Structure formats: structure tokens, C-alpha cells
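A structural walkthrough
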Amino acid sequence: FHTFFTGLIAFEMHRDGAGEEQLAKGKDVLDKMKIWSKCSTPNFDNKLLLLEAECHASMCHIKAAKVAFEASGRSARDHGLIHEQGLACELYGKFLTSIV
């Protein structure tokens, strides 16, 4: 989970103005999660989708971010990971309030 949360924090810091190095750090974590997701889709698919959503949000790709946030929540729900579904919903809500 350390790597996953490091990526989420990096994307958040980038959106808060911490610089391009945070975006690069988040993308590095996203690349790792792509590999891990291939090894265990039920455990990592929702995390990959959430990191993708945060990456899209960081680059102001609003439509792609919305799609990825929703897919992350569905994936977590479908695999019985209700806490991770809650995290996806929380971050999606935070994103939606930021674009209003």
C-alpha cells in the first residue's frame, strides 16, 4: 500500500502546485501498478484505475478522469473491496468539487 499511497499523494501535491517532479513521481508509481495489476487483477485493478484517474485529473483531462474514477469504484465493488470503493468515491467527490 505504501507505493499506491505515494502515487496518490504525488498527484495531489502536483495539483497543489508542488511541481512537475511530483507528476513524474506519480507516473512512476502508475507504471509499477500497471505491472502489478497484470499479476493480480482483483487486488490491483481498482488501484491502477484510481491512479490513472488522479493522473488524468493532474493533467486536466476531465472526461478521462471521470471515466477512470467511476471504473475504479466499480472494480473495487466487483471484487468486494468496499474500503477501496469508498476511497475511489471520496477522491472522485473531491475531484468533482475541484472542477466546479
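Quick look at the structure, then. (Residues numbered from 1 in each chain as written. Predicted model: local features only at pLDDT ≥ 70, side-chain atom pairs only at ≥ 80, totals over all residues. Heavy atoms only, no water.)

1. Here's the deal with the packing of aromatic side chains
Under the convention used in this document: Two rings belonging to Phe, Tyr or Trp (six-membered ring only in the last case) form a pair when the distance between their centres is within 6.5 Å. Interplanar angles under 30 degrees mark stacking, angles over 60 mark edge-to-face geometry, and anything in between is tilted. By definition, any uninterrupted DSSP run of H or I lasting at least four residues is a helix, any uninterrupted run of E lasting at least two residues is a strand, and each is numbered from the N terminus. Accessibility here uses a 1.4 Å probe with only protein chains present; expressed as a share of the type maximum, an area under 20% marks a residue as buried, one over 50% as exposed, and anything in between as partly exposed.
For the structure shown, the criterion picks out five aromatic pairs. Their ring planes at 55° and their centres at 5.8 Å tell us that Trp-36 and Phe-44 sit as a pair that is tilted. On the numbers, 5.3 Å between centres and 20° between planes, the contact of Phe-69 with Tyr-92 is stacked. Residue Phe-69 is found in helix H4 (residues 62-78), and its partner Tyr-92 is found in helix H5 (residues 82-98); the two are separated by 23 residues along the sequence. A single burial state applies to Phe-69 and to Tyr-92, both of which are buried.

Keep in mind these values describe shape, not function.
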